[in-house]
Amino acid sequence: MFQTGGLIVFCGLLAQTKALLEGLPLSLGPAVPLTQSLPLNPVLPSIPTDLAGSLTSALTNGLLSGDLLGILKNLPLLDILKAGGENSVGLVGGLLGRVASVVPLLNNLIEVTVTDPQLLELDLVQTPDGHRLYVTIPLGLVLNVKMPLIRSLLRMDVKLNITAELLTAKDEQGKTHLILGDCIHFPDSLKISLLDGNAPLLIQSLVDSLTGILDNVLPELVHGKVCPLVSGILGSLDVTLLYDITHKLIHGLKFVIKV
């Protein structure tokens, strides 16, 4: 027989339980099954590679490992300048022509050495169409010049930029390569100044004459050393970096961002 008292007690307990559950805070998210654990290290979205930074870093390291600083330090400036004073042929003679006023100056040079060669921070620019890159390679060095008329060394600070054009080209097998295009120096990028301040009139006249000669000789000499190095570096770039850069250049996609 059905027991009315037991039913009343059961309904009372059920009502109490419902009231307790309704008083609990609601979950803000979906329930997680007990058999499923939350990841301890959630996967973050991948960050795009800094192609411009990777390329400038590769070029910088390549120039340094290619002994650029040693090459600059051992530039045969004295031999080239004195050869230009003795005849009108060769690099200096061809550039200066037959200017008789510079010949005594060149012949009286006793010593021309390079100290403190520097490779400064490279600058990368992408053309508006996105298909080419221009790398500016800023160089610095100190010229020490000794002449009979001057007891102390003339110390001259030199700054010079070499600009290299990088572009893509296909070989006979249809493979795309990153190659060196034009590699030049702009005349106004060469800066020569006397390190030890103002000089007496006679010395300043010699400095001006020597600066005029170096304006013609030094850029060509440095250019002939730096550009082959850059070309060699391009041929040994990391394969992944090379692929990413050539892909961007072929399709004109910008990856050099100037702030």
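The structure under discussion appears in the preceding block.
Every residue gets a number counted from 1 within its own chain, in the order that chain's sequence is written. Under the rules for a predicted model, residues below a pLDDT of 70 receive no local features and side-chain atom pairs below 80 are neither given nor counted, while totals for whole chains, interfaces and linings still include all residues. Derived side-chain values reflect all non-hydrogen atoms in the structure, with water molecules and hydrogen atoms excluded from consideration.

Draft legend 1. Highlighting the layout of surface pockets. Cavity means a closed set of points on a 1 Å grid over the protein atoms alone, one where a 1.4 Å probe fits but cannot get out, pocket means an open set with protein on both sides within 12 Å along at least 5 of 7 lines, and lining means a residue has an atom within 4 Å of a point. Grid points are joined across faces, edges and corners, and a volume is the space filled by probe spheres set on the points. Of the pockets and cavities examined, the largest pocket occupies roughly 160 Å³. Contributing to the lining of the largest pocket are D50, A52, G53, T56, E121, L122, D123, L124, F255, V256, I257 and K258. We call Asp, Glu, Lys and Arg charged. Ala, Val, Leu, Ile, Met, Phe, Trp, Tyr, Cys and Pro are nonpolar, and the rest, Gly among them, are polar. Partitioned by chemical class, the residues of the lining of the largest pocket number 6 nonpolar, 2 polar and 4 charged.

Draft legend 2. Quick peek at the side chain of Q126. Along the chain, Q126 falls in strand β2 (residues 123-126). The definition of a polar contact used here is a pair of N or O atoms within 3.5 Å, where within protein one atom must be able to donate a hydrogen and the other to accept one, and adjacent residues in sequence count solely through side-chain atom pairs. Here the side chain of Q126 touches F255 through a polar contact of 3.0 Å, landing on its backbone nitrogen. Not counting the four nearest positions on each side in its chain, Q126 is found in contact with R132, L133, L249, L253, K254, F255 and V256. The numbering of helices and of strands both runs from the N terminus, where a helix is a DSSP run of H or I of at least 4 residues and a strand a run of E of at least 2. Should any heavy atoms of two residues lie within 4.5 Å, those residues are considered in contact.

Draft legend 3. Highlighting the state of the cysteines. Only a pair of cysteine sulfur atoms within 2.5 Å qualifies as a disulfide here. Applying the stated criterion across every chain yields a total of 1 disulfide. Here C183 is linked by a disulfide to C227, with a sulfur-sulfur distance of 1.9 Å. Judged by the sign of its S-S torsion, about -85°, the bond between C183 and C227 is left-handed. With C183 in strand β5 (residues 176-184) and C227 in helix α7 (residues 201-234), this pair connects stretches of sequence that are 44 residues apart. In this structure C183 comes out as buried when scored by relative accessible area, which is 11%. Between buried and exposed lies partly exposed: a residue is buried under 20% and exposed over 50% of the maximum accessible area for its type, with that area taken using a 1.4 Å probe on protein chains only. The class of C227 is buried, set by a relative accessible area of 7%.

Draft legend 4. Main features of α7. By this rule, a helix spans an expected 1.5 Å times one less than how many residues it contains. With 34 residues, α7 extends 48 Å from end C-alpha to end C-alpha; this agrees with the ideal 50 Å at 1.5 Å per step. The largest bend in α7 comes to about 40°, at L214. The quantity called bend is, for any residue, the angle between two axes fitted respectively to the seven residues ending at it and the seven beginning at it.

Draft legend 5. Quick peek at the packing of helix α2 (residues 51-65) against α7. Here, axes are lines fitted to C-alpha atoms. For helices the fit covers the stretch in contact, and angles between N-to-C directions go from 0 to 180 degrees. Close contact between α2 and α7 brings their axes to 10 Å; oriented N to C, the two are set at 125°. If you check the angle between α2 and α7, you find them oblique. Considering only the axes of α2 and α7, their crossing is right-handed. Listed contacts from α7 to A58, L59, G62 and L63 of α2 are L229, V230, I233 and L234. Residue composition of the contact of α2 with α7, grouped by class: 7 nonpolar, 1 polar and no charged. By definition in this entry, angles of less than 35 degrees are roughly parallel, angles greater than 145 are roughly antiparallel, angles of 65 to 115 are roughly perpendicular, and the rest are oblique. The hand of a helix crossing depends on one turn: near helix anticlockwise from the far one by less than a right angle means left-handed, and clockwise means right-handed.

Draft legend 6. Broad picture of the pattern of salt bridges. One side-chain nitrogen of Lys or Arg within 4 Å of one carboxyl oxygen of Asp or Glu is enough to make a salt bridge. Counted according to the given criterion, the structure contains 2 salt bridges. The partner of R132 in a salt bridge is E165, and the shortest N-O contact between them spans 2.8 Å. One end of the pair, R132, is in the loop between β2 and β3 (133-146); the other, E165, is in strand β4 (residues 154-170), and 33 residues separate them in sequence. Since its relative accessible area comes to 32%, R132 is described here as partly exposed. Here D157 ties to K159 by a salt bridge, and the two come within 3.1 Å at their closest N and O atoms. Residue classification places D157 among the buried positions, given a relative accessible area of 18%. When its relative accessible area of 30% is taken as the criterion, K159 is described as partly exposed.

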